[in-house]
Amino acid sequence: MDKPPHGPAGPRRRDAQGTRLLLLDAAADLFAERGYEAATVRDIAARAGVNQALLFRYFGSKKALLTEVMARGGQEQLRTTPAERLFEVALRGMLTNRGKGASDRSLEVYLRSIGSGDEAADTLNALGDEYAEVLATLSKADDGALRAELAMAWLLGIGLMRVVVAKEPLASADPDEVCRLVQGALGHLLEELPPPTGPMAPR
């Protein structure tokens, strides 16, 4: 006797990897929109369209989910971006990756969540430290670590005012123009930082 077309092994069975990706996407969006503390497990599961029990099955905890969100975005960016282009790539990401469906919202998550709860602090601080360590390699000065932290403070400050506060004229400024102005000035801190890329770069 033939088996029914829809059963435990049929096409209606939810793919585990697909469910994990749905949860990661939903968590990235909600963490970026609300911050880590305000984004509840219930809301993440609802955004993903799955039962919240699956979140704990695949990730174990909300903090572990945050760690994977940050690893998928920020850590991937750190691994694949040359040091001399990291600042510009991160800055452009915050200037252009706004709204649902953005490929990497890790720094938006960082901005919304940093300082909001001890549970997430280690994960968030570790990401910021890794960015600063890479940027420090762009200066040969004795105070290279300080210069890198100042560059990170500027990067996150720009993101805060544009993404979180939505302060004009920065909130609607052209990303190429912002990159051109910021990296032109940042060269005094990180002397090996190249000029920005993009249509407005050579000016």
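See the structure shown above.
Values in this document were obtained by computation on a predicted structure and should not be read as measured data.

(A) Region of the structure containing the overall build of the chain. The secondary structure content of the chain amounts to nine helices and zero strands. The N-to-C order of helical and strand elements in the chain reads α-α-α-α-α-α-α-α-α. Relative to its 203 residues, the chain shows a buried fraction of 43%. Sequence separation of 24 or more characterises 66% of the internal contacts of the chain that already satisfy a separation of 6 or more. Carbon and sulfur atoms form 54% of the exposed surface of the chain, whose accessible area is close to 10,600 Å².

(B) Looking closely at the environment of Leu23. Positionally, Leu23 belongs in helix H1 (residues 16-34). On the accessibility criterion, Leu23 (0% relative accessible area) is buried. On a C-alpha basis, the gap between Leu23 and Ala45 in space is 6.6 Å, while along the polypeptide they are 22 residues apart. Among residues more than four places away in sequence, those in contact with Leu23 are Ile44, Ala45, Ala48, Val50, Leu54, Leu55, Tyr58, Phe59 and Leu65.

(C) Region of the structure containing the packing of helix H6 (residues 106-113) against helix H8 (residues 144-164). Where H6 contacts H8, the axes come no closer than 10 Å and their chain directions differ by 85°. By the angle between their axes, H6 is roughly perpendicular relative to H8. Contacts between H6 and H8 involve Leu107, Glu108, Tyr110, Leu111 and Arg112 on the former and, on the latter, Leu155, Leu156, Gly159, Leu160, Val163 and Val164. Its residues placed into classes, the contact of H6 with H8 shows eight nonpolar, one polar and two charged.

(D) Highlighting H6. Of all eight residues in H6, seven are buried; the element is thus mostly enclosed. Listed in full, the buried residues belonging to H6 are Ser106, Leu107, Glu108, Val109, Tyr110, Leu111 and Ser113.

(E) Summary view of the packing of aromatic side chains. Summed over all chains, the structure comprises one aromatic pair. Against the face of Tyr36 rests Lys62, its NZ or CZ located 4.4 Å from the ring centre.

(F) Representation of the environment of Tyr131 in the model. Within the secondary structure, Tyr131 is located in helix H7 (residues 118-136). Sequence separation of Tyr131 and Glu149 is 18 residues, and the distance between their C-alpha atoms is 9.0 Å. Excluding its chain neighbours within four sequence positions, the residues that come into contact with Tyr131 are Gly74, Gln77, Leu78, Leu86, Ala90, Leu107 and Met152. A distance of 2.5 Å separates polar atoms of two side chains, one belonging to Tyr131 and the other to Gln77.

(G) Molecular detail of helix H9 (residues 175-186). The end-to-end C-alpha distance of H9, which contains 12 residues, comes to 16 Å, matching closely the 16 Å that a straight helix rising 1.5 Å per residue would cover. Three or more residues of H9 are buried, namely Pro175, Asp176, Val178, Cys179, Arg180, Val182, Gln183 and Leu186. Buried residues along H9 sit against helix H5 (83-96) and H8. A side-chain oxygen of the first residue of H9 lies 3.0 Å from the backbone nitrogen of Asp176; this N-cap is Asp174.

Criteria and thresholds
- Residues numbered from 1 in each chain as written.
- Predicted model: local features only at pLDDT ≥ 70, side-chain atom pairs only at ≥ 80, totals over all residues.
- Heavy atoms only, no water.
- Helix = DSSP H or I, 4+ residues; strand = E, 2+ residues; numbered from the N terminus.
- Buried < 20%, exposed > 50% of the residue type's maximum accessible area, 1.4 Å probe, protein only.
- Contact = heavy atoms within 4.5 Å.
- Areas by Shrake-Rupley, 256 points an atom, 1.4 Å probe, with all protein chains shown as cover.
- Axes fitted to C-alpha atoms, helices over the stretch in contact; angles between N-to-C directions.
- Parallel < 35°, antiparallel > 145°, perpendicular 65-115°, else oblique.
- Nonpolar A, V, L, I, M, F, W, Y, C, P; charged D, E, K, R; others polar.
- Phe/Tyr/Trp six-rings, centres within 6.5 Å; stacked < 30°, edge-to-face > 60°.
- Lys NZ or Arg CZ within 6 Å of the ring centre and 35° of its normal.
- Polar contact = N/O pair within 3.5 Å; in protein donor to acceptor, adjacent residues only side chain to side chain.
- Expected span 1.5 Å × (residues − 1).

That's the geometry; what it means functionally is another story.
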